[in-house]
Amino acid sequence: MLVPLVTQGWGFQAHKKINRLAVFTLPKGLFAFYKAHVDEITEWAVKADQRKSVVKGEAPKHYCDLDHYEKVLPFDTVPVYWENAISKYSLDTLEEYGTNPWNSQYVYQKLIAAFEQKNEEQIVKISADLGHYLADIHVPLHSTLNYDGQLSGQRGIHSLWETKLVKHFVDDYNLLVGKAQYIKHIPEKIWERQAQSFALVDSVLYLEKLVSKNIGARGKYQIEKNGSQTRKYYSNVFCEAYHNVLNGMVERRMRHSIEFVGAVWYSAWVDAGKPKLDVY
Ligand SMILES: [Zn+2]
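These numbers come from a predicted model, not from an experiment.

Next up on the list: the overall build of the chain. Each helix and strand in the chain was counted, giving twelve helices and two strands. When the helices and strands of the chain are read in sequence order from the N terminus, they spell out α-α-α-α-α-α-α-α-α-α-β-β-α-α. For a compact globule of 280 residues, the expected C-alpha radius of gyration is about 19 Å, and the chain comes in at 19 Å, within 12% of that figure. Structurally, the chain occupies a C-alpha span of about 60 × 45 × 35 Å along its principal axes. Taking all 280 residues of the chain together, the buried fraction comes to 49%. Once local pairs closer than 6 in sequence are excluded, the contacts in the chain between residues at least 24 apart make up 77%.

Set out below in structure tokens:
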């Protein structure tokens, strides 16, 4: 029996790493403030996931199953802005299939407001959450109805891709990205990242099938017995083979997450008029 796997976006380790490294992309003027709060921004990177089981309405903010609306790119019938989406689809529909790209725009506006008010506690909290949601947008399986391979006989692939592979291989990743750049049109850029993730879904699923076929069911899993409990894990050989054929995809999506999170924080600060923040 395969142990049920909770789907949570990037695993906790990846979320923390993304938020932490995004701090180091920030230019002068903003860097000192974030660096002073880097530990909170790192630790709180996973708060949004932890809220999912206790706060009603939190879970849909982490994904958007775009193939409910359109089967192929581009997503030219899905509204960029929430007001248009809500008049086109019902709130129930939007919440059922996920609201991440719209919610991220809303959280971005909240961050601008926090900067304008120089509300330092809120800046830190909102930045940590926004970093989380934007990182989730970069995970291909957060953009599809088949988010855990449950529709194609590949259940378990969600946490394999975003947690297990990261855990195994992250130490070899080059996650240094350049300095954060200002983004003028945040909503469009958010949708661009969302579309990039969706474009990768087919490869994520197809390559897992291919490697599974080559390795066979016996090689794919390793069984661990603990008393009366039997747990089935993806084997190291399988993880390595899958990671190889993904050809750097997990690393690239992590890099893009870091670069984007830094750029969006920075843009919110610029849009708020570059307020000078106390560092203590
Ligand atoms: Zn999440």
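As a further point, take the coordination of the zinc ion. Within the protein, the atoms that donate to the zinc ion are Asp49 (OD), His62 (ND1), His132 (NE2) and Asp136 (OD), at distances of 2.0 to 2.6 Å. Metal-centred angles of 83 to 177° between the four donor atoms at the zinc ion mark the site as irregular. Written as a sequence motif, the donor residues of the zinc ion are D-x12-H-x69-H-x3-D. Placement of the pair is histidine 132 and aspartate 136 together in helix 8 (residues 120-137), with a separation of four residues, close to one helical turn. Summarising the burial analysis for this pair, histidine 132 and aspartate 136 share the class buried.

Here we take up helix 1 (residues 12-23). If you check helix 1, its first and last C-alpha atoms are 17 Å apart, about what twelve residues at 1.5 Å a residue would give, namely 16 Å. Ala14, His15, Ile18, Asn19, Ala22 and Val23 are the residues of helix 1 that are buried.

Bringing the pairing of strand 1 (residues 221-226) into the picture now. When strand 1 meets strand 2 (residues 229-234), the two strands line up antiparallel, connected through six bridges. Paired with glutamine 222 across the bridge in strand 2 is tyrosine 233. The turn linking strand 1 back onto strand 2 is made up of two residues, and glycine 227 within it adopts a positive phi angle of 65°.

At a closest axis distance of 9 Å, the pairing of helix 8 and helix 12 (residues 249-271) adopts a crossing angle of 140°. By the angle between their axes, helix 8 is oblique relative to helix 12. Note on packing geometry: the crossing formed by helix 8 with helix 12 is right-handed. Between helix 8 and helix 12, the contacting residues are Ser127, Leu130, Gly131, Leu134, Ala135 and Ile137 on the first element and Arg253, Ser257, Phe260, Val261, Val264 and Trp265 on the second. Taken together, the residues of the contact of helix 8 with helix 12 break down into eight nonpolar, three polar and one charged.

Glancing now at the environment of phenylalanine 169. Within the secondary structure, phenylalanine 169 sits in helix 9 (residues 157-169). With 82 residues separating them along the chain, phenylalanine 169 and glutamate 251 place their C-alpha atoms 8.8 Å apart. Those residues in contact with phenylalanine 169 that lie beyond four places of it in its chain are Cys239, Glu240 and His243.

Take helix 7 (residues 100-116) next. Between its terminal C-alpha atoms helix 7 stretches 24 Å, which fits the 24 Å expected from 17 residues at 1.5 Å a residue. The secondary structure elements touched by the buried residues of helix 7 are helix 2 (31-36), helix 5 (82-88), helix 6 (91-97), helix 8, helix 10 (186-220) and helix 12. Positive phi appears at lysine 118, one or two residues downstream of helix 7, with a value of about 50°.

In this structure the tally under the stated criterion is 13 aromatic pairs. Three or more aromatic residues link up through ring pairs in this structure, and these residues are Tyr221, Tyr234, Phe238 and Tyr242.

About the cut-offs
Residues numbered from 1 in each chain as written. Predicted model: local features only at pLDDT ≥ 70, side-chain atom pairs only at ≥ 80, totals over all residues. Heavy atoms only, no water. Helix = DSSP H or I, 4+ residues; strand = E, 2+ residues; numbered from the N terminus. Rg over C-alpha atoms; globule rule 2.2 N^0.38 Å. Buried < 20%, exposed > 50% of the residue type's maximum accessible area, 1.4 Å probe, protein only. Contact = heavy atoms within 4.5 Å. Donors = N, O, S within 2.8 Å, 3.2 Å for Na, K, Ca; no water. Tetrahedral: all angles 85-135°; square planar, octahedral: opposite > 155°, others 65-115°. Expected span 1.5 Å × (residues − 1). Pairing = 2+ DSSP bridges. Axes fitted to C-alpha atoms, helices over the stretch in contact; angles between N-to-C directions. Parallel < 35°, antiparallel > 145°, perpendicular 65-115°, else oblique. Left-handed = near helix turned anticlockwise from the far one by under 90°. Nonpolar A, V, L, I, M, F, W, Y, C, P; charged D, E, K, R; others polar. Phe/Tyr/Trp six-rings, centres within 6.5 Å; stacked < 30°, edge-to-face > 60°.

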